[in-house]
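A closer look at the structure
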Amino acid sequence: MTGKELSAESLLKNFSAELARSKLCNSRVTTSNLSDAMRHVAGENGVLTGVKPVKEGIKIMGTATTVETASDDWGTVIKGIYSSKRGDVLVIKCDNDDPAVWGELASSTAQKRGIIGTVIYGSARDISGIKNLNYPVFSRNIIPNAGDAKAEGYVNVPLNCGETLVNPGDFIMGDECGVVCVPHQILEEVFKEAFSILDNEDEIVAKIKKGSSFLEILGIDK
């Protein structure tokens, strides 16, 4: 199915179903579309600034389970894995980017438990191993060193990731451009706007192919 065939209503109706997630991931909605929709609806872009995929060709969508921890405490991250439901996205907020809180063993454990992917507002390591697992990881930085399993942080709490607030249960999307969070309270409205943006972009592309000027379409004087 294409993104245009997947209505926002049908997506939301089956939002928690694994099949629906698969259809979402195969749709034409991107983080760019979602960020634009967030800006139109909420006046915020929803972006977790600086967070990028560690491997090309990754796209994830799911509900957030959140972790807040010091960067030298990867034990709390393991607690987060076991607090997540199948199909969730684990979102981790660290106090800084050194040391790393995520690696190959955490990825393998998360993958076996059915977690869709991990988003780290901090650092990851063991990138070759993570890529071999084909487990989706997004992080702000990559470094080789790690801390200890202190387990002194918090699970399922609000996270301030730069200018974006991530709450447990919010919708998370990640692709090659980065990661966007949509508050669950406005999910339907944002998705409808995202599909409207897609339709508008299709119309613009069609006009350009027929010879129209992009300046004219936008109403910008030369």
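Keep in mind it's a predicted model, so treat the numbers as computed, not measured.

Bringing the overall build of the chain into the picture now. In terms of regular secondary structure, the chain is built from eight helices and 10 strands. The buried share among the 222 residues of the chain stands at 45%. In the chain, the share of contacts with a sequence separation of at least 24, taken over all contacts with a separation of at least 6, comes to 73%. As displayed, the chain offers around 11,100 Å² of accessible surface, 48% of which is attributable to carbon and sulfur atoms.

Between its first and last C-alpha atoms helix H3 (residues 31-42) spans 15 Å; for 12 residues at 1.5 Å apiece the expected length is 16 Å, and the two agree. Burial in H3 covers these residues: Thr31, Asn33, Leu34, Ser35, Ala37 and Met38. With its phi angle positive at about 75 degrees, Gly43 sits one or two positions after the end of H3.

To continue, consider the state of the cysteines. Tallying each qualifying case throughout the model produces zero disulfides. Take Cys94: it sits in no disulfide, and the sulfur closest to it among the cysteines is that of Cys161, at 9.3 Å. Cysteine Cys181 remains unbridged, with the sulfur of Cys161 as its closest cysteine sulfur at 8.2 Å.

Here Gly147 lies in the loop between strand E5 (137-142) and strand E6 (154-155). Setting aside residues up to four positions removed in sequence, Gly147 forms contacts with Asp72, Trp74, Pro99 and Ala100.

This part covers the packing of helix H4 (residues 75-83) against helix H5 (residues 104-112). Look at H4 against H5: their axes get within 9 Å of each other, and the N-to-C directions meet at 10 degrees. Taken as axis vectors, H4 and H5 run roughly parallel relative to one another. Each of Ile78, Ile81 and Tyr82 in H4 lies in contact with H5, whose residues at this interface are Ala106, Thr109 and Ala110. Taken together, the residues of the contact of H4 with H5 sort by class into five nonpolar, one polar and no charged.

All right, on to the side chain of Thr69 then. Its location among the elements puts Thr69 in strand E2 (residues 60-69). Judged by relative accessible area, which is 5%, Thr69 ranks as buried. A distance of 2.8 Å separates the side chain of Thr69 from the backbone oxygen of Asp73, its partner in a polar contact.

Attention now goes to the pairing of E5. Of the pairings in the sheet, the one linking strand E1 (residues 52-53) to E5 comprises two bridges and is antiparallel in character. Across the sheet, residue Pro53 finds its bridge partner in E5, namely Phe138. Where strand E4 (residues 117-124) lies against E5, five bridges are found, and the strand directions are parallel. Residue pairing across strands places Ile120 opposite Ser139, the latter belonging to E5. Handedness of the crossover is the feature at issue here: the chain leaves E4, passes through helix H6 (residues 127-133), returns alongside E5, and the resulting connection is right-handed.

Another aspect to go through is the nonpolar core. Within soluble globular proteins, side chains that are nonpolar tend to cluster in buried spots. In this structure, Ile81, Leu90, Ile92, Val101, Trp102, Ile120 and Val137 are the most contacted members of the largest nonpolar core, which totals 18 residues. For this core, the secondary structure elements donating two or more residues are H4, strand E3 (89-94), H5, E4 and H6. Those residues in contact with Ile81, other than ones at most four positions away along the chain, are Leu90, Trp102, Ala106, Thr109, Ala110, Arg113 and Ile115.

Reading the values: the criteria
Residues numbered from 1 in each chain as written. Predicted model: local features only at pLDDT ≥ 70, side-chain atom pairs only at ≥ 80, totals over all residues. Heavy atoms only, no water. Helix = DSSP H or I, 4+ residues; strand = E, 2+ residues; numbered from the N terminus. Buried < 20%, exposed > 50% of the residue type's maximum accessible area, 1.4 Å probe, protein only. Contact = heavy atoms within 4.5 Å. Areas by Shrake-Rupley, 256 points an atom, 1.4 Å probe, with all protein chains shown as cover. Expected span 1.5 Å × (residues − 1). Disulfide = S-S within 2.5 Å. Axes fitted to C-alpha atoms, helices over the stretch in contact; angles between N-to-C directions. Parallel < 35°, antiparallel > 145°, perpendicular 65-115°, else oblique. Nonpolar A, V, L, I, M, F, W, Y, C, P; charged D, E, K, R; others polar. Polar contact = N/O pair within 3.5 Å; in protein donor to acceptor, adjacent residues only side chain to side chain. Pairing = 2+ DSSP bridges. Right-handed = clockwise from strand over helix to strand, strands pointing away. Core = buried A, V, L, I, M, F, W, Y, C linked by side-chain atoms within 4.5 Å.

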